[in-house]
Structures are given as structure tokens and as C-alpha cells.
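Structural overview
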Amino acid sequence: MWLHKLLSAVIAVPVKWLVKANSTPTDIEGELGINKSKTIVYLLRTHSITDQLALKMSAKNLGLPNPIDATQIAGQIHPSCLFLQKPRSVLSRKKSSTDILEDATELFRLHRENPELDIQIVPVSILWGRAPDKTLSSWSDIIANQVSPSWLRKFFIVLFLGRDNFVCYSKAVSSRAMAQLKGDDEVIAHKLIRVAGTHFHRRQQTLTGPNILQKHELYNGVLGSDTVKKAIVERARTKSISHQKAKQEAKKYVDEIAADYRPGLIRLSEKLLTRIWNKIYNGIEVRHAEKVRHLAQNGHEIIYVPCHRSHMDYLLLTYVIYHQGLVTPHIAAGINLNFPPVGGFLRKAGAFYLRRSFAGNKVYTAVFREYLELLFKKGNSVKYFPEGGRSRTGRLLPPKTGMLAMTMQALAKGINRPVSIVPVYIGYEHVMEVSSYVKELNGKSKQKESFFQVFSAIKKLKNYGTGFLNFGEPINLTNFLDQQAPDWRDEQQANTDKKPQWLTPVVNNLATEIMGRINQAAAVNGMALCSLCLLSSNKHAMARSELETAIDHFMTLLKGSPFSELVTIPECTGAELLESTLKLNKLNITKDSFGEIISLKESTAVAQTYYRNNILHLFALPGLISAIVFAHNNMSKAQIVDLVSKLYPLLKQELFIYMDQQQAQIYTESLIEQMLSTGLLVSHTEKIQHASPSTHAFYSVYLLNRSIQETLQRYALVLTLLCKKEQVNRKELEKQSAQFAARLSALNGINSPEFFDKKVLATFINALKENGLIEADEQGQLSYAEQSDQLKNEVIALIEPEIAQRLQQI
């Protein structure tokens, strides 16, 4: 024991400088249920001093016992670590066992003699570099993450990969629970060793991922598939070219699409990105990663589907996934990003490219589908953006279903592992492209991506506040498919070539579900809340005290009546949140004899709508309740809930709110009670009214009312246009709606580009159709339905009189 301590002390000096221990998870008590006050014995795979020293660093940071020191169990001194294997010999690949059988047997004997004894046995996986295995050998294998390497190989591993050390904890095993298993102490000890061996093997796969796909495997897997072979034969026949030439075209498509994943580049990128994040962000807040780790540890194939705010999303999500101890995914990227030298860099970081349109190219379509299916079958995690492109307004875009359809078809054809989709909400206090988004919304053409554009963006990097990344509630695809199309297996077996009948409706439902779950995990931040308040205020200015009070009211409302358990809300006061937001220098501060006035800068007022729109769905129902109360200041709670229920299906579809009709009704009732308890609303003889103008709460509820006005005005506009025409073509309705919305925007000073955005208007028109509020004939002509007349009148009653009067001029 003393010799081991001496050796550890000597080696600890260089290790301290060479090794940086990254712990995962960091919340071991909340996520793993480990009790720091109870006795802990660590279980490691290899009896390695450097592994123990890395664990010591990690344990110190997490407040856990020192693994080098001995621990006292039932009055006896025992080592704090158990080891499955000894390191390999330098000259031999043979692995030898440790004294774990004797140590574990003794441990369980003590339990029989001491009924109150219960020790936490915590398995810990120590990884260096996390590179996956390869089917081909190379010089880099000397630092490969080999199980139980020799001391010489470990020297080079620590030297080159010491800064990429990961200490990964697993749930503790109760020694008392094991001691109560059938069999004598030695039999139970054998069970512990056997289970631990399996656990470490699976954990290794979870953390490093599958073998790297080699070029010959890629070509054989894709070009050798029946689907691609048929497409090549069809291509050769229809274009009157040789079979070899058609096959060469398919091979070029493979090269154009496929990623060329390099673990070394991931490690290098992590170092570079850490420097960039530290320069431009005050921090990256990550929540609910335990949901994804749980899936990975249970062998799930994981597909990440994040919202798309910025080009930073590509890097940020992969960076976070890497730091959470998860396998970095292959990323579906638009072909527009495949320009030198960025395209090659991203490809080596795991990006695979797809064209904006497959345009009936059957060979390309077949190659892409087979490549995606090959990634799934090999066990690679994948990431793609369901919106298809970056949101220019801050709202979620209607999802593109192509990638989801190919994913579902791959699942139906047969993937050995369970597949789960993980929605991801990404938010920023500043999006670097936001000024260009405003220009594009105002008619300017989108700039083509280039190296000079990237270089220019890097030069302009500055303080962008805090980034937020929340993992949403996962969707098990097999379970989802079973619910949506119970007979899908029978149909797939009967006809494997044709597109299944269930595919389109199931994929559409899945896409909507994903978008709802992204918004379900929203992150509230200071910039979004300040933008929401200031854009709702008259002339986009508020006294500092008013703004602080409003922020406090809004955060109290969200905490008291949560939109969902996954929404994250700052744990600070309104004054503290405003102070940190002002440091981003995006808001004006002026002073007079009464105090400070916070206002939007004239040059960036339109851009601030982007941040408001990130969280607008959280305030849609509170805003609607407030609008109803301001318009009808004597309604009962039941009447308010009834009117909200009528409008909710339209809000749900436009803003991708995850709740169904019944959930929304319960939530509305909860909101009203919370608004009453905080003084935003008051009740007189069972009639609900807004707060008295003499109270601080009045201005907050007034802002809530104003926050939903643009949405209601857009609804009133489209419904009024429909009412004026007996029949209208959908495109014509969208065009006229956009034109009149732009006029209203100019006349009434509405500084929101999405107010007259055709995509937003098209989403609303589609929601009207799906909810039976407009009718469509076989020629696609839209006509007014009877029930929409009442809805139009109810909506017009909620909007400002000036806007309502101008709508009558249509």
C-alpha cells in the first residue's frame, strides 16, 4: 500500500500538468443518485495509476472521496478502488486478473456480519481521447483507446491524449442489494465481476461509438445495395449510357455526400472551439443531457433534431454532445456549405452533404437513402435540422419532412437497435447573422456562403452573451410508429419496394410532434424577455423600474404555472437579469430627473423581434388571456377559457405548442389562477378584470396583451379578406394578405418583418383549412365557412380599434 502511494505521488507531478480530467455527468447526485455522505468504493476496469490519478482530480472537483486513500469498512481498512484487470505486459497482449475476486468476496462477507452495512460501488470508466476503433491499422494505434494498455503504451496515451481525458461515472450499485443475492460470497463476487465486465464493454461503445467506416465498406455498402443497383440500371437504360458510366456517377454521388470522420480533428476542434466560446460567450448553459445519456447507455440509436438559429448551431451542438460524454454525430449539412476549405473541414468533423432538391434524380436519391441507412445500421448517431434552413424570424419554421421520411423508411426496413429522436432547443442572447436576416426579410438576396464570408464573421466575433441548449423529450420511433400505424410491419413485409401508405401521414405527424417538443424545452433569457417587453411597449421604451417589475412578473408567471417541466427560467431577479442584459450593449439607456429609461436602439429595433419570437409561444396563452380581459373586462373564468379554446388550435399550429386541446384548457385555467394570485388579474363577483391602472401589475398585464396583438391582427386581416371574397385562390389570398399586412405595418408602425411574411401567413391559412374554418374545392379555391364569421368577429373584438377600423377599408 505504501509503495503504491509513493509511486502515485511521484507520477502525480507530471500527470498534474499533462492531464485535464473532464467529468461526466457533473451532477452525480441528481442524475446518478450517488450519496456523497455514504461510503463509496470505486470500480475501475484497469489497475492503472494514471487512471486513478485522473479519477482523483475528478473526484476532488465533484466533492467525492479520494480514490488513492484507503477507506474504513466495518472497522477495517480497505482500498477505495476495485480493479477488474491488470495492465498488459509490454511484450505480451495477455490480460491478467487482479485480486478483485478476493476483495469482493471479503466485502460481501462483511455484509453478512454487519446487517446495517451498505456501500455504494460506483463503476467509473476512464477514457483517453475517445477515438472509435478502426478496421485498418495505422501508426496512431499506439495511442488508441486500447483496453488495459501496457505501461509503455499508457505513457504515450497520457502524453498525447492527457488533455482529452474523460472520467465517466455510472449509477452506484448497492453492496447490500448484491449481498442478498442467492449464493455464497464468492459466487456473488463472480457475478459482480461478470456484470462489471459487460458494463465496461457497453460503456466503452457508448462513449466512443462504432468502428470508423472505411472507404471500401462505404462503397460496398451503398453501391452494393439492391436499391442503388436498380437505379444504376435504370439510369443506364434511360440515358443510353454504359452501365460502368452510370455506376461511376453513383460513385461520385457517394463521394459528394459521405462524411470522412476523423477523431483527431474532433479533438483539435474542441480545443479551438473552447477558445472561441470563451471569447464570444459568457457561458453555454446545457440542460436535460441526462435524458440523452440514458438513451445512449441503453443502446439507442440517437438522432438529434435541433432548431436552426445560426451557422453556430452546427458547431455548438456537436461541442456540447462531446463534452457530455456522448458520441459526436454525423451531421446533415446543406451542399451550400461544401466550399473550400470549410467543406472539407466539416466533412472530416462528421458532416455529410445533401442537395436542396433531389429533383427526380433517382440515382442520387437511392445513394443518399442507402448512405443514411448505412449510418444507422453501423450505429452512428446522426443530426439534422428539421426546418431545412435557418429561421430568419426567430420562430420555428414549418418542418421539411424529407430526412424524417428517409429515417422512417430505414427504420421500417430494419435497424437492429432501438431508434430515438431527440429534439433540441438552441437559443442565444445574440445571433451573429441577425442583421443579415432582417435584410433578407426586407427583400435583399441571401449571400452565398464563402470562405471570405466566414473569415469576415470570425473577425467580427465579440461578446454574444450566453448560449442555451436544452435537450427535449425523446421520441422512440418504433413506439411512435406502432401508435400511428399499428399494421406497419405487415405492410412492409408484403411490399418492400413501394412507398408504404402510412408513410406520409405518419411523417407529417412526427414532424409536428418534433417541433412541439423543441418549443417544449425552450430557454428563457434576458435578451428575449427585454425584447418581449420593449417591443410591446409604446415607442419601445420603458422606465427601468417598470421593465424590472415586468420581467419579475413574467418569470413568476412561468414558474408558478410552468409551460412545461423542461422550460428553463433564470434563477435571479428582474433587476439582476436586466443588468446582465444591458452589458450586451444592444439597448439604449437615457436618464432624466425621474430615473433611467431603457429603450430599443432605432437601428436594431426590428432585429430584436428575433429574440422575442424565440419565446413568443411561452406567452401566447397568457397574452391571449390578457387581450380577452382588456377587450371584455367582465367575463367569467369559464367564458375566458372557452374563447381561448376556440383560438388555441390556430396558435398551436402557428407557434408549435406541444399541448393538445385538453392540456391547453387545463393550462389556461392554471394561468388564470396564477395571474389572479400575482395581482395581474383581479376577480369581482366571479368576473375577471385586469389589474387597476394604479398598480404596478397593470403595466405588466398590458404588455402581455400587446405581445399577442400582432398575431391577432394578422388573424383578423386574413379572415376579413376571406369574408370579402366568395372564393379566392390560395396563392392570391397569401399575396393579398401580405400586401395589406405590409400596408398596416407601415401605417401603424409595426416593426415585425414576420407580420407580413408569406410563410407565416401560409401557415395560418393552412391552420384555418385543417380546422375546418375555410373550405377548399377540387380546384383549390378557398371559400369562407360559416363558423369562421363568428371567429372573425371575436378576433376583431380583441385587437386595437385603430387596426379594426382600417381592416374595414379592405
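Structure: above.
Residues numbered from 1 in each chain as written. Predicted model: local features only at pLDDT ≥ 70, side-chain atom pairs only at ≥ 80, totals over all residues. Heavy atoms only, no water.

**What to know about the environment of Asn633**
Relative to the assigned elements, Asn633 resides in the loop between α26 (620-631) and β20 (635-636). Under the relative-accessibility criterion, Asn633 is labelled partly exposed at 28%. Separated by 284 residues in the primary sequence, Asn633 and Ala349 place their C-alpha atoms 58 Å from one another. Apart from residues lying up to four places away in sequence, Asn633 is in contact with Ile688, Gln689 and His690. Reaching out from Asn633, the side chain makes a polar contact with the backbone nitrogen of His690 at a distance of 3.1 Å. (Helix = DSSP H or I, 4+ residues; strand = E, 2+ residues; numbered from the N terminus. Buried < 20%, exposed > 50% of the residue type's maximum accessible area, 1.4 Å probe, protein only. Contact = heavy atoms within 4.5 Å. Polar contact = N/O pair within 3.5 Å; in protein donor to acceptor, adjacent residues only side chain to side chain.)

**Focus on unusual backbone geometry**
Here the residue pair Thr24 and Pro25 is connected by a cis peptide bond, since its omega of -5° sits within 30 degrees of zero. Inspection of the secondary structure puts Pro25 in the loop between β1 (21-24) and α2 (28-32). Residue Pro341 is bonded to the preceding Pro340 through a cis peptide linkage, with omega at -5°. The residue Pro341 is located in the loop between β11 (330-334) and α14 (342-348) in this model. Of note in this structure, His288 is not a glycine but carries a positive phi near 70°. Position of His288 relative to the elements: it lies in the loop between β9 (283-287) and α12 (289-297). In this structure, Asn585 takes a positive phi of about 60° despite not being glycine.

**Focus: the pattern of salt bridges**
Applying the stated criterion across every chain, the model contains 39 salt bridges. Salt-bridge contacts for Lys378 lead to Glu217; the nearest nitrogen and oxygen are separated by 3.7 Å. Of the two residues, Lys378 sits in helix α15 (residues 362-378) while Glu217 sits in helix α8 (residues 215-223), which places them 161 residues apart along the sequence. Residues joined by salt bridges that share partners form a network here, namely Arg544, Glu548, Glu579, Lys591 and Glu596. (Salt bridge = Lys/Arg side-chain N within 4 Å of Asp/Glu carboxyl O.)

**Overview of the sheet that holds strand β18 (residues 587-592)**
Paired through their backbone hydrogen bonds, the strands of a sheet run either parallel or antiparallel. Spatially, the 3 strands line up as an open sheet ordered β17-β19-β18, and their pairing is antiparallel. Edge strands, defined here as strands with exactly one partner in the open sheet, are β17 (541-543) and β18. Looking at each pair of strands side by side, their axes are set apart by 25° on average, direction ignored. On top of the sheet, helix α23 (residues 544-560) reaches β17 and β19 (595-600); it is set at about 90° to β17, its chief contact. (Pairing = 2+ DSSP bridges. Axes fitted to C-alpha atoms, helices over the stretch in contact; angles between N-to-C directions.)

**Things to note about the nonpolar core**
Within the largest apolar cluster, 197 residues are counted, with the highest numbers of intra-cluster contacts made by Tyr304, Phe352, Ile421 and Phe471. Per-element tally for this core: the top contributor is α15, with 10 residues. (Core = buried A, V, L, I, M, F, W, Y, C linked by side-chain atoms within 4.5 Å.)

**Comments concerning the packing of aromatic side chains**
Under the counting rule described, the total for this entry stands at 24 aromatic pairs. Seen from their ring centres, Phe166 and Tyr322 are 5.3 Å apart, and the 90° between their planes marks the pair as edge-to-face. Remark: Tyr322 occurs in helix α13 (residues 312-323) and Phe166 occurs in strand β7 (residues 165-169); sequence separation between them is 156 residues. By the burial criterion, Phe166 is buried, and Tyr322 matches it. (Phe/Tyr/Trp six-rings, centres within 6.5 Å; stacked < 30°, edge-to-face > 60°.)

**Here's the deal with α12**
Burial in α12 covers these residues: Ala289, Val292, Arg293, Leu295 and Ala296. Seen along its axis, α12 keeps its buried residues to an arc of 160°; they face one direction. Phi turns positive, to about 80°, at Gly299, one or two residues after α12. (Arc of directions from axis to C-beta.)

**Comments concerning a nonpolar patch on the surface**
Residues Leu18, Phe155, Leu159 and Phe160 make up a contiguous nonpolar surface patch of about 390 Å² in total accessible area. Per-element accounting of the nonpolar patch gives the leading share, 3 residues, to helix α5 (residues 151-161). Structurally, the position occupied by Phe160 is in helix α5. (Patch = residues over 30% accessible without salt bridge, like charges linked within 9 Å, V, L, I, M, F, W, Y side chains within 5 Å. Areas by Shrake-Rupley, 256 points an atom, 1.4 Å probe, with all protein chains shown as cover.)

**Brief notes about the sheet that holds strand β21 (residues 681-684)**
A sheet is described by the order of its strands in space; here 3 strands give the open sequence β20-β22-β21, paired in antiparallel fashion. Of all strands in the sheet, those bounded by a partner on one side alone are β20 and β21.

**With respect to the side chain of Thr206**
Mapped onto the fold, Thr206 is located in helix α7 (residues 185-208). Classification of Thr206 as buried rests on a relative accessible area of 13%. Setting aside anything within four residues of it in sequence, one finds Thr206 in contact with Ala296, Gln297 and Val327.

**Describing the pairing of strand β14 (residues 419-428)**
Of all 10 residues in β14, 10 are buried; the element is thus mostly enclosed. Pairing of strand β10 (residues 301-306) with β14 involves 6 bridges; the strand directions are parallel. Across the sheet, Tyr304 pairs through a bridge with Val422, a residue of β14. Alignment of β14 against strand β16 (residues 475-476), held across 2 bridges, turns out to be antiparallel. Looking across to β16, one finds that Ile421 is bridged to Ile475. Sheet analysis places β14 next to strand β15 (residues 466-471), joined by 5 bridges and oriented antiparallel.

**Notes on the pairing of β1**
Note on strand geometry: in a regular strand, side chains alternate between the two faces of the sheet. Residues of β1 alternate between two faces, with Ala21 and Ser23 on one and Asn22 and Thr24 on the opposite face, all of them buried. For β1 and β7, the ladder comprises 4 bridges, and the chain directions are parallel. Residue pairing across strands places Ser23 opposite Val167, the latter belonging to β7.

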